[in-house]
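# Structural overview
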Amino acid sequence: MIQKQKGTKDIFFEEMEIWEEIEKNIKEICNTYNIKQIRTPIFEATELFARGVGNETDVVSKEMYTFLDKGGRSITLRPELTAGVVRAYIENGFSSRTSPVKLWYTGSMYRYEKMQKGRYREFSQFGVEMFGSSSVLTDVEVISIACKLFEKLGVLDKLTLKINSIGCKECRAKYVKALKEYLADKIDGMCEDCKIRYNKNPMRIIDCKQEKCQDVKNGLPTILDYLCDDCKKYFESLKFMLDNLNIKYEIDSSIVRGLDYYNKTVFEFISEDLNLAVGGGGRYDGLVETLGGTSTPAVGFGLGMDRIVLLLQEYKKQETQKPDIYLLTTTNEQFIYATTMLANELRNSGKIVETNISDRSFNAQLKYANKIGAKYLIVIGDEELKSKKVQLKNMDTGKVIQIDLNVKEILNNI
Ligand code: HAM
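Okay, so let's go over this structure. (Residues numbered from 1 in each chain as written. Predicted model: local features only at pLDDT ≥ 70, side-chain atom pairs only at ≥ 80, totals over all residues. Heavy atoms only, no water.)

### Details of the nonpolar core
Most often, soluble globular proteins have nonpolar side chains that are buried together. One finds Phe126, Val128 and Phe131 to be the most contacted residues of the largest nonpolar core, which totals 98 residues. The element best represented in this core is helix H5 (residues 136–152), accounting for nine residues. Both domains that meet at this core, namely domain 1 (13–168 + 228–315) and domain 2 (170–222), each give it at least three residues. In contact with Phe126, not counting residues within four places along its chain, are Ile26, Cys30, Trp104, Tyr105, Thr106, Leu149, Phe301, Gly302, Leu303 and Met305. (Core = buried A, V, L, I, M, F, W, Y, C linked by side-chain atoms within 4.5 Å. Buried < 20%, exposed > 50% of the residue type's maximum accessible area, 1.4 Å probe, protein only. Helix = DSSP H or I, 4+ residues; strand = E, 2+ residues; numbered from the N terminus. Domains from an automatic or database assignment. Contact = heavy atoms within 4.5 Å.)

Structure follows, in structure tokens:
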């Protein structure tokens with residue numbers, strides 16, 4: 001038997017309903033914030049991620065699905081979507097639109113990662129990206145959208161929002177210098193990756209998950225001590241606004257994010273119970289310019305939808321949707337009547353209706369209606385068709401009432 005690829009999964013039945021609930025809430029929330037949906041290709045030129053996300057990041061250096069296509073182009077399955085959205089922003093001239101340009105997306109992304117619970121090779125994100133505003137209020141709005149989704153899904157109190165500032169280029173230059181000084185006599189004892197990071201991109205050392213690097217990491221200097229006055233003020237405003245909007249957060253200077261494009265605000269939503277980040281984001285004022293556009297401030301987030309599903313499975317008893325009504329018929333004539341005169345209209349009014357599409361006997365249909373949890377049942381036999389009266393059975397209570405055989409009567413009584 002051919003099996004699915006490592007790190008991928010099939011989503012169906014009960015889990016699918018959780019996905020649908022999340023997707024429905026995403027659409028509703030983004031609509032109320034007047035954010036427009038964008039869809040970009042699943043594969044892009046490799047260079048987009050090399051330049052946009054950063055060659056020294058784990059995502060680009062270790063985890064990308066990269067291949068040459070038949071035309072000899074280097075193609076990569078998107079490992080994240082911010083770079084693709086920025087490319088679309090530049091390529092489609094979004095900067096001529098009224099700013100801020102506010103976009104949202106959901107979609108699959110691909111990272112060649114070590115499989116574990118909540119860590120897949122194909123996974124989905126819901127993301128929001130806002131372009132054209134350098135106000136801290138945009139950072140706050142972006143964070144509040146993520147909070148709103150978690151709140152609507154009933155899991156906000158299960159998560160910790162961790163925020164940090166990684167400052168501007170100048171702050172980081174000073175910090176990196178201090179970091180290197182601190183690490184100078186320790187780097188030899190660290191992992192091979194960290195030795196490379198030490199020279200190429202020392203801040204990535206803060207992300208290192210290797211056991212042997214953890215002790216050294218505990219004593220690292222913190223970026224917050226190296227912020228310039230502007231960045232300090234910006235971070236203070238962020239905290240002030242979050243406090244006043246009643247958004248709970250913790251400051252965690254070890255949050256530097258695993259992608260190179262960030263500056264100033266960075267944040268993550270952490271589930272302590274799952275021991276996973278359920279989402280992350282931040283400001284990336286330099287990325288549009290890095291990828292060839294005119295300098296444009298921007299901020300956004302990506303939430304791991306697979307991980308949100310895990311959260312909902314963990315904390316919420318998911319009621320699967322049950323059919324509202326089962327229409328029991330045993331002949332083709334009865335089936336045609338049930339479909340054309342009843343089921344079509346009932347479905348048009350949003351009811352979930354099942355009919356006898358499997359040639360089941362009368363008794364087998366009674367059993368089936370029970371098994372699928374139909375809330376009501378109507379038998380449409382020849383007698384019923386003649387008299388235009390039917391018995392409507394409440395399958396939970398067993399109570400039966402007689403009603404006229406028409407859609408209005410059914411809707412009034414279920
Ligand atoms: P990221 O932190 O790499 O950021 O990913 C965002 C979220 O995607 C993570 O917090 C996690 O929930 C989920 N995720 C990442 N990798 C996996 C995986 N292998 N399996 C399951 N879930 C995963 C970004 O991708 C940025 N583009 C976010 C952003 C948007 N920043 C600004 N705008």
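### Considerations on the site of the ligand
With respect to spatial proximity, 26 residues lie near the ligand, and among them Glu80, Thr82, Glu113, Tyr120 and Tyr262 are the closest. One of the side-chain N or O atoms of Arg307 is found 3.4 Å from a nitrogen atom in the ligand. Contributions of two or more residues to the shell around the ligand are made by strand E6 (122–131), strand E10 (276–283) and strand E11 (298–304). Looking at which element gives the most residues to the shell around the ligand, the answer is E10, with five residues. Split by residue class, the shell around the ligand holds ten nonpolar, nine polar and seven charged. (Near = heavy atom within 4 Å. Polar contact = N/O pair within 3.5 Å; in protein donor to acceptor, adjacent residues only side chain to side chain. Nonpolar A, V, L, I, M, F, W, Y, C, P; charged D, E, K, R; others polar.)

### Some details on the sheet that holds E11
If you trace the eight strands from one edge of the open sheet to the other, you get E1-E5-E6-E11-E10-E9-E7-E8, paired in mixed fashion. This sheet does not close on itself; its edge strands, each paired only once, are strand E1 (36–37) and strand E8 (250–251). Here E10 runs beside E11; their pairing, made up of five bridges, is antiparallel. In the sheet register, Gly281 faces E11, and the bridge partner there is Phe301. (Pairing = 2+ DSSP bridges.)

### A word on helix H13 (residues 362–371)
All of the buried residues along H13 are Gln365, Tyr368 and Ala369. Considered in projection along H13, the buried side chains sweep an arc of 100° and stay on one side of the axis. Opposite the buried face of H13, by more than 90 degrees, sit the exposed residues Asn363, Lys367, Asn370 and Lys371. On its buried face, H13 is in contact with strand E12 (325–328), strand E13 (353–355) and strand E14 (376–379). At the exit of H13 stands Gly373, carrying a positive phi of roughly 75°. (Arc of directions from axis to C-beta.)

### Quick look at the sheet that holds E14
The five strands lie next to each other as E13-E12-E14-E15-E16, forming an open sheet whose pairing is mixed. Only two strands of the sheet have a single partner each, and these edge strands are E13 and strand E16 (400–404). For this sheet the average axis-to-axis angle between neighbouring strands, irrespective of direction, equals 25°. The sheet contact formed by strand E15 (residues 389–394) and E16 spans five bridges and is antiparallel. (Axes fitted to C-alpha atoms, helices over the stretch in contact; angles between N-to-C directions.)

### Thoughts on the state of the cysteines
This model, assessed by the stated rule, comprises zero disulfides. In this structure Cys171 is a free cysteine whose sulfur lies 3.4 Å from that of Cys168, the closest cysteine sulfur available. For Cys171, a relative accessible area of 0% gives the class buried. Lacking any disulfide linkage, Cys231 is separated from the closest cysteine sulfur, that of Cys228, by 3.6 Å. The class of Cys231 is buried, set by a relative accessible area of 3%. (Disulfide = S-S within 2.5 Å.)

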